[in-house]
Amino acid sequence: MVYLTRVERFNAAHKLWVEDWTEEQNLATFGKCANKNWHGHNYTLHVTVKGKPDPITGFIMDVKKLSVLIKEHVVDYLDHSNLNLDVPFIPKGMQPTTENLAVVIWNRLSEALKPYPCQLHAIKLWETETIYTEYYGE
Ligand code: NI
């Protein structure tokens, strides 16, 4: 099995907030991500697929096609969006943390990759240079 990763980037705004909590509780839990007037992150998304290289092309998947799929199904919706308000496939009320976003992105891409011979292996999502989440579909 060989693994192939495509890296994409997007910028988006969000706010982590629990309506039933006080502002103090929200700030204590979410820190600057609870800023009432929103803020943004420069996200980096790694999408890894796995499979056997095709005997003729040597590809698991045409990586340009993978890039197009990621853009069409994920990045075009998320880039320059407000993750709390704007994205049709992010459930209303779901905290737009990297953990939850990784699962949502997995669900979108595993569906989009169904016609292809490779399988989705991992979603890795960086919110800052020092924090990222990984999801393997389990
Ligand atoms: Ni934040």
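None of the values given here were measured: they were computed from a predicted structure.

Here the focus is unusual backbone geometry. Its identity is not glycine, yet W38 carries a phi of approximately 70°, on the positive side. On the basis of relative accessible area, W38 is assigned to the partly exposed category, the value being 30%. Here the phi dihedral of H80 falls at roughly 60°; this positive angle occurs in a residue that is not glycine. Within the secondary structure, H80 sits in the loop between α2 (63–78) and β3 (81–82). Under the relative-accessibility criterion, H80 is labelled exposed at 65%.

Glancing now at the pattern of salt bridges. Following the criterion strictly, the structure yields 4 salt bridges and no others. Between E8 and R6 there is a salt bridge, with the nearest N and O atoms lying 2.9 Å from each other. Of the residues examined, E8 reaches a relative accessible area of 6% and is grouped as buried. For the salt bridge of K114 with E111, the shortest nitrogen-to-oxygen distance reads 3.2 Å. Owing to a relative accessible area of 49%, E111 belongs among the partly exposed residues under this scheme. One network of salt bridges, with partners in common, ties together R6, E8 and K71.

So, how was this worked out
- Residues numbered from 1 in each chain as written.
- Predicted model: local features only at pLDDT ≥ 70, side-chain atom pairs only at ≥ 80, totals over all residues.
- Heavy atoms only, no water.
- Buried < 20%, exposed > 50% of the residue type's maximum accessible area, 1.4 Å probe, protein only.
- Helix = DSSP H or I, 4+ residues; strand = E, 2+ residues; numbered from the N terminus.
- Salt bridge = Lys/Arg side-chain N within 4 Å of Asp/Glu carboxyl O.

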